[in-house]
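# A closer look at the structure
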Amino acid sequence: MPRKKNSILNAKENEPFVDVVIKKSNLDGESYASVVPKKVDMISLMKATVENSKMNIDFPLVYAVVSTLSEQMMSAFENGYSVDMLGFGELKAEMKGRVDANDTPLMLKKHLEPVFKPSAKAKKAIEKLQVRSVRRVSPQHIIYYVSDFRRKEMRNCLVNPQAICVAGKGIKLDKVDKFLYAAKVADGFNAQRDKLPQREEWKELFVVDDTLSRIVAEVRNLEAGKYVLVLHTPYSAGGKLLKTPVEVVSDVFEIKREGAREG
């Protein structure tokens, strides 16, 4: 008796898994996770069905039946019916967003969106999945470190600096509004956890030059102390204009003023 071929239909994994990617949002500081799907297409499923079937069927027949069924399901959905997805759940049209009591049918139509409601069987099936790996993606906008412009080896602890070099990713400033400020903070301040000082206490820095990965600014007006930089960028990490500017806050760096200032 011939052995069945290994396929996606009869291959059983000892521990069904998914891989997860975690990204941090620059807009609200929260972290968001998404699943990296293991995709399978309908053609592969149909071929595997033919290979593993005990009945005398061929691929063209299976393809014709599935295609006809798919067309009928789509036709029913286009005519306003909710469609049972063969045990996976229900596909239906729902209203999304806020509406006004006086909205016309044409205005209400704009709120229609397709919605999938998973079945109890689908919800139970996902309980078997384990998270195999977690990959954390670095944010699109970040300040790596602050160094003395004239002495690049000095990073995050600067002695008598006249200008600083800010290294990062996606930190290019607006062409007109060069929003770059230094906020003085207390010992033990954590930019990821603690609130920034009041905006009135920030000191604006004069920007000499800025690119997507580097900013040069004067800091003659900063006294000794610990600071974080606050900047606004309207650009993505790739240089595309964003709809909403992103605020980027650096880690703490320290400025020391020892003896006479450098000329």
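Each residue is numbered by its place in its chain's sequence as written, counting from 1. Reporting of local features is limited, given that this is a predicted model, to residues whose pLDDT is at least 70; pairs of side-chain atoms are given and counted only at 80 or more, and all residues count toward the totals for whole chains, interfaces and linings. Excluded from the side-chain calculation are hydrogens and water; included are all heavy atoms of the structure.

## Some points on the pattern of salt bridges
Rules: Here, a salt bridge means any Lys or Arg side-chain nitrogen found within 4 Å of an Asp or Glu carboxyl oxygen. Numbered from the N terminus, helices here are DSSP runs of H or I no shorter than four residues, and strands are runs of E no shorter than two. Three exposure classes are used, based on accessible area relative to the maximum for each residue type with a 1.4 Å probe and protein chains only: buried under 20%, partly exposed in between, and exposed over 50%.
Applying the stated criterion across every chain yields a total of ten salt bridges. Residues Lys-184 and Glu-223 are paired through a salt bridge, measuring 2.6 Å at the closest nitrogen-oxygen approach. Of this pair, Lys-184 sits in strand 10 (residues 180–185) while Glu-223 sits in the loop between strand 13 (214–218) and strand 14 (225–235), and the two are 39 residues apart along the sequence. The exposure class of Lys-184 is partly exposed, given its relative accessible area of 36%. On the accessibility criterion, Glu-223 (43% relative accessible area) is partly exposed. Salt bridges here are not isolated pairs; linked through shared partners, they connect Lys-172, Lys-178 and Asp-210.

## Quick word on the sheet that holds strand 4 (residues 89–95)
What counts is decided by this rule: Pairing between two strands requires that DSSP report at least two bridges joining them.
With antiparallel pairing, the three strands of this open sheet are ordered in space as 3-4-5. Two strands in the sheet have a free side with no partner beyond their single neighbour: strand 3 (83–84) and strand 5 (112–118). Here strand 4 pairs with strand 5 via seven bridges, running antiparallel. Across the sheet, residue Ala-93 finds its bridge partner in strand 5, namely Pro-114.

## Describing the nonpolar core
Rules: For our purposes a nonpolar core is just a set of buried Ala, Val, Leu, Ile, Met, Phe, Trp, Tyr and Cys residues, chained together by side-chain atoms within 4.5 Å. In this description, contact between two residues means that some pair of their heavy atoms is separated by no more than 4.5 Å.
In this structure, Ile-164, Leu-180, Leu-205, Ile-215, Leu-229 and Leu-231 are the most contacted members of the largest nonpolar core, which totals 24 residues. Those residues within four positions of Leu-229 in sequence are excluded, and the remaining contacts are Ile-143, Val-146, Ile-164, Val-166, Leu-180, Tyr-181, Ala-182, Leu-205, Val-248, Val-249, Ser-250 and Phe-253. Grouped together as the second largest cluster of nonpolar side chains are eight residues, Val-185, Phe-189, Val-228 and Val-230 included.

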